[in-house]
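# Breakdown of the fold
Each chain, letter by letter, is given below.
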Amino acid sequence: MARGEGAGTDGDEPVERRIAALREELNHHIYLYYTKDSPEISDEEYDELYVELVGLEGENPELISGDSPTQRVGAPPSEGFEPVEHALPMLSLANARTAEEMLAWEKRIRTHLEREGVDPGPISYVTEPKIDGLAISLTYEDGRLVRAATRGDGRVGEDVTRNIETIAGLPKEIADAPPLLEVRGEVYLPLEAFAELNERRVTEGEAAFANPRNAAAGSIRQLDPKIAAERPLAVWAYGIGATDGISFDSHSDEIEWLRAAGFPVNPDIAGNGTIEEVLERCEWWRDRRDDLDFEIDGVVVKVDSLALWEALGAAGWEPRWAIAWKFPPSTATTLLREVDWNVGRTGHLVPWALLEPVRVGGVTVSTATLHNEEDLARKDVRAGDEVIVLRAGDVIPQVVSAVTSDRPKGRRRPKPPANCPACGTETVKPEDSVFTICPNHRGCPGQAFQHLKHFVHRGAMDIEGLGEKQVKRLLDEGMIADVADIYTLEKDRLAELSGMGELSASNLVAEIERSKEVPFPRVLFALGLPGVGAVTAEALAEEFGDIDAIREADPEEVERTEGVGPVMAQQINESLADGKTWEIIERLKGYGLKLRLEEGERRAEGGPLEGVTVVLTGTLPDLSRDEAAALVKAAGGKVTGSVSKKTDFLVAGDNTGSKLSKAESLGVPVLDREGLDRLLAGDRAPGD
Ligand code: IVH
């Protein structure tokens, strides 16, 4: 760890020097974490320094000063955003890591209340996931979202209203609202979107984000709202701040109210009664952690009664009425033994860290990704270094950074190998790529293996019974060489493989047959074109309708698809132009895979609504939302989820929400059911 050198002057007492050094060091890491969104040390190491400082200040209260990190939370607002003073400070949470610490917390609550002369009786608690994102304050005046602010230093945050407005699923307007309502919550990036964003960044030659939290923070703190809008951020609301004209008795009432008002509230927030029940719930969350599509780093436990909140108050920046039960840290420090290189499915040589095994987030990790050469160089990670390893949900463990302060001389920067580790072909480094590649695309068994593995995996063709091991086996046996060969596998031949048996063989054949029903966007994703993740595959399918149209499009046309940049567009174009690749796709078509959208999924070409973008809201009398969308698409129109300046029409049924008011404020024409019919019939001015 890059410990500070000690900021005190020579005349200081050692304890004063240590306090000054700790403050300087913590402030540096706070800056890296909050302002740069790029931490250099693990949360655990940060906590260690922080706890040491709290201890020293506790013993020497005369040395506490306003600039100590213990006296504020987070970082002051940065330039570029307007400062927003919070009506009520945005506090932070005390941590507990064990059941004993939780029970001690309840005991402290009781002692405090006793001292205040309050008899709470049995205390009831609410448990909530602790979302690992970015705290946000949302102010609604007369039901309209007027301001969104980050936490900043707890007193003053940054005005990020324009970026928050881009978040789908966050009400911009609420019905029956009081004059003033401040909603608090956490902005986060769902894991799939995070993986996709990083994949795209790497393809486009940008550095990957270290984790979803940093990606969310980096997106919200973009000065250009267009960039924020391209990232599918989401929000969970978890409480209410300042209000006027409304009040609540309990936190669970607040949560219920938020839910009813249409805010995204996590469905698993629960009132769990006693502290023992809360502990069970904490375990429940821990076991589910890896199944969630967002990252959590613990459970927040809150006293339910707001009268008790009042009586308990806060100690410094930490309320006494809540605590964070933290999971085992998802970062750890360990030795990097070696940097190894793997060939990826498109021939990229990907650097891997071989680690001294270490426990991270409850599992033992011995390998981690280093993303790409550029990232490796930026992080300056070398064999022999102590490194910080991070495990984020289901995402592959990654090396975040190296401790460089006490690195001895002579450790070399790792270099990509001159020959492919899988096939020995001489590697090349294209000028415009962050990767060195193995150019032996069709003959390299390493690339074939990765490609097959990707094709069959859960998010792609989802062929159960054809995991990594079986793919390797079939490759070694010479039974398959590319993805199309999967559809030639026969039951009898499979059953002859040792360990396979009749039943597994016929199950596998049935699974392969079933995969022919996988819809086009997922088949497109499974094909593994460079940089094309699940979300981009969906967008390409929607834009072009079938694989031939994508192939025939020139890179400029491909680039018009959401999420596709110039580099990726070029690569998609080149890879579909490749004769061997196209031959495989033609074979897949022949085996009956879906390489075009079905009727109904498809936007008709030359239809009356070509070039028209429609948003649907509310309930229509005789059509479901999906049915209405299918009709619009069949007429050649495009259906999107949120109203913007690009929306041509909003079709509104009953029980509409914020989309209607947004459309009205932007002057987007609003149609009822009859208006939709007129539009479908080709009347482009179907208003009254
Ligand atoms: S309550 C004073 N509830 O955790 C209470 N916070 O240190 C603080 N967080 O960044 C807010 N999930 O944004 C609360 N269900 C939840 C939360 C939550 C995540 C974040 C919060 C802040 C940090 C608190």
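Here is a short report on the structure shown in this document.

Parameters at a glance
Residues numbered from 1 in each chain as written. Predicted model: local features only at pLDDT ≥ 70, side-chain atom pairs only at ≥ 80, totals over all residues. Heavy atoms only, no water. Helix = DSSP H or I, 4+ residues; strand = E, 2+ residues; numbered from the N terminus. Rg over C-alpha atoms; globule rule 2.2 N^0.38 Å. Buried < 20%, exposed > 50% of the residue type's maximum accessible area, 1.4 Å probe, protein only. Contact = heavy atoms within 4.5 Å. Areas by Shrake-Rupley, 256 points an atom, 1.4 Å probe, with all protein chains shown as cover. Lys, Arg positive; Asp, Glu negative; His and termini not counted. Charge placed at Lys NZ, Arg CZ, Asp CG, Glu CD. Near = heavy atom within 4 Å. Polar contact = N/O pair within 3.5 Å; in protein donor to acceptor, adjacent residues only side chain to side chain. Pairing = 2+ DSSP bridges. Axes fitted to C-alpha atoms, helices over the stretch in contact; angles between N-to-C directions. 1 Å grid on protein atoms, 1.4 Å probe; cavity = no way out; pocket = protein on both sides within 12 Å on 5 of 7 lines; lining within 4 Å. Points joined across faces, edges and corners; volume = space filled by probe spheres on them. Nonpolar A, V, L, I, M, F, W, Y, C, P; charged D, E, K, R; others polar. Patch = residues over 30% accessible without salt bridge, like charges linked within 9 Å, V, L, I, M, F, W, Y side chains within 5 Å. Salt bridge = Lys/Arg side-chain N within 4 Å of Asp/Glu carboxyl O. Expected span 1.5 Å × (residues − 1). Parallel < 35°, antiparallel > 145°, perpendicular 65-115°, else oblique. Left-handed = near helix turned anticlockwise from the far one by under 90°.

The next thing to look at is the overall build of the chain. Scanning the chain from terminus to terminus reveals 24 helices and 22 strands. For 688 residues, the compact-globule formula gives about 26 Å, and the C-alpha radius of gyration of the chain, at 28 Å, lands near that figure. A principal-axis box enclosing the C-alpha atoms of the chain has dimensions of 80 × 75 × 50 Å. Per-residue burial over the chain gives 50% buried out of 688 residues. Of the contacts formed within the chain by residues at least 6 apart in sequence, a portion of 67% connects residues at least 24 apart. In the form shown here, the chain has an accessible surface area of approximately 32,000 Å², with 48% of it arising from carbon and sulfur atoms. Between the centroid of the 77 positive side chains of the chain and the centroid of its 125 negative side chains there is a distance of 3 Å.

For the rest of this paragraph, the subject is the site of the ligand. Not every one of the 15 residues close to the ligand is listed here, only the nearest: Glu128, Ala135, Glu186, Tyr238 and Lys302. A distance of 2.8 Å separates a nitrogen atom of the ligand from a polar atom in the side chain of Glu128. Here an oxygen atom of the ligand sits 2.6 Å away from a polar atom, N or O, in the side chain of Tyr238. Elements represented by at least two residues in the shell around the ligand include exactly strand S3 (125-131) and strand S10 (296-303). A total of 4 residues in the shell around the ligand trace back to one element, the largest contributor, which is S3.

The 4 strands are arranged S20-S19-S21-S22 in an open sheet whose pairing can be described as parallel. Each of the sheet's edge strands pairs with one partner strand only, and the pair in question is strand S20 (638-640) and strand S22 (670-671). Bridge count between strand S19 (residues 613-617) and S20: 3 bridges; the pairing is parallel. If you follow Val615 over to S20, its bridge partner there is Thr640. Packed on one face of the sheet, helix H22 (residues 625-634) meets S19 and S20 and runs near 165 degrees to S19.

This next bit is on empty space enclosed by the protein. All chains considered together, the criterion is met by 2 cavities of 30 Å³ or more. Looking at the largest cavity, its volume works out to about 310 Å³. Every residue lining the largest cavity is counted, 27 residues in all, and those nearest its centre are Asp43, Asp132, Ser330, Thr331 and Leu390. Counting only elements with at least two residues in the lining of the largest cavity, the list comes to helix H2 (43-59), helix H6 (212-220), S10, strand S17 (386-390) and strand S18 (398-402). The dominant element in the lining of the largest cavity, judged by the number of residues it contributes, is H2, at 3 residues. Residues belonging to the lining of the largest cavity are distributed by class as follows: 11 nonpolar, 5 polar and 11 charged. Counting residues per element, the ones that place at least two in the lining of the second largest cavity are S3 and strand S8 (234-244). Counted by class, the lining of the second largest cavity contains 6 nonpolar, 1 polar and 1 charged residues.

Attention now goes to a negative patch on the surface. A cluster of like negative charges, contributed by Asp554, Glu556, Glu557 and Glu559, occupies part of the molecular surface. In this structure, Glu556 sits in helix H19 (residues 555-559).

What follows covers helix H20 (residues 566-577). Between its first and last C-alpha atoms H20 spans 17 Å; for 12 residues at 1.5 Å apiece the expected length is 16 Å, and the two agree. Turning to H20, its buried residues are Met568, Ala569, Ile572, Asn573, Ser575 and Leu576.

This next bit is on the packing of helix H12 (residues 445-456) against helix H13 (residues 468-476). Remark: H12 packs on H13, axes separated minimally by 10 Å, with the N-to-C direction vectors making an angle of 135 degrees. Taken together, the axis directions place H12 and H13 in an arrangement best described as oblique. As H12 packs across H13, the resulting crossing turns out to be right-handed. Mapping the contact onto sequence places Phe449, Leu452, Lys453 and Val456 in H12 and Glu468, Val471, Lys472 and Leu475 in H13. Residues belonging to the contact of H12 with H13 are distributed by class as follows: 5 nonpolar, no polar and 3 charged.

It is worth spelling out the environment of Asp340 at this point. As for its position among the elements, Asp340 is in strand S14 (residues 331-343). Residue Asp340 is classed as partly exposed on the basis of its relative accessible area of 36%. The sequence separation of Asp340 and Pro421 amounts to 81 residues, and the corresponding C-alpha distance is 9.3 Å. In contact with Asp340, not counting residues within four places along its chain, are Val350, Pro351, Trp352 and Leu354.

Take helix H17 (residues 534-544) next. Buried residues of H17: Thr536, Ala537, Ala539, Leu540, Ala541 and Phe544, and no others. Gly545 lies just past H17 and shows a positive phi near 85 degrees.

Turning next to unusual backbone geometry. The phi dihedral of Asp142 is positive, around 45 degrees, even though this residue is not glycine. For Asp142, a relative accessible area of 62% corresponds to the exposed category. The residue Asp176 is not glycine, and still its phi comes out positive at about 45 degrees. Structurally, Asp176 can be placed in the loop between helix H4 (161-164) and strand S7 (180-188).

Turning to the side chain of Asn163, a few remarks are in order. Its location among the elements puts Asn163 in helix H4. Ignoring any residue separated from it by four or fewer positions in sequence, one finds Asn163 in contact with Phe81, Ser219, Ile220, Arg221, Gln222, Asp224, Pro225 and Ala228.

Let's shift gears to the pairing of strand S15 (residues 349-360). The sheet contact formed by S14 and S15 spans 7 bridges and is antiparallel. In the sheet register, Val339 faces S15, and the bridge partner there is Ala353. Between S14 and the antiparallel strand that follows it, S15, lie 5 residues; Gly347 among them carries a positive phi value of about 95 degrees. Relative to strand S16 (residues 363-369), S15 runs antiparallel, the two sharing 6 bridges. Looking at the pairing, Leu354 lines up with Thr367 of S16.

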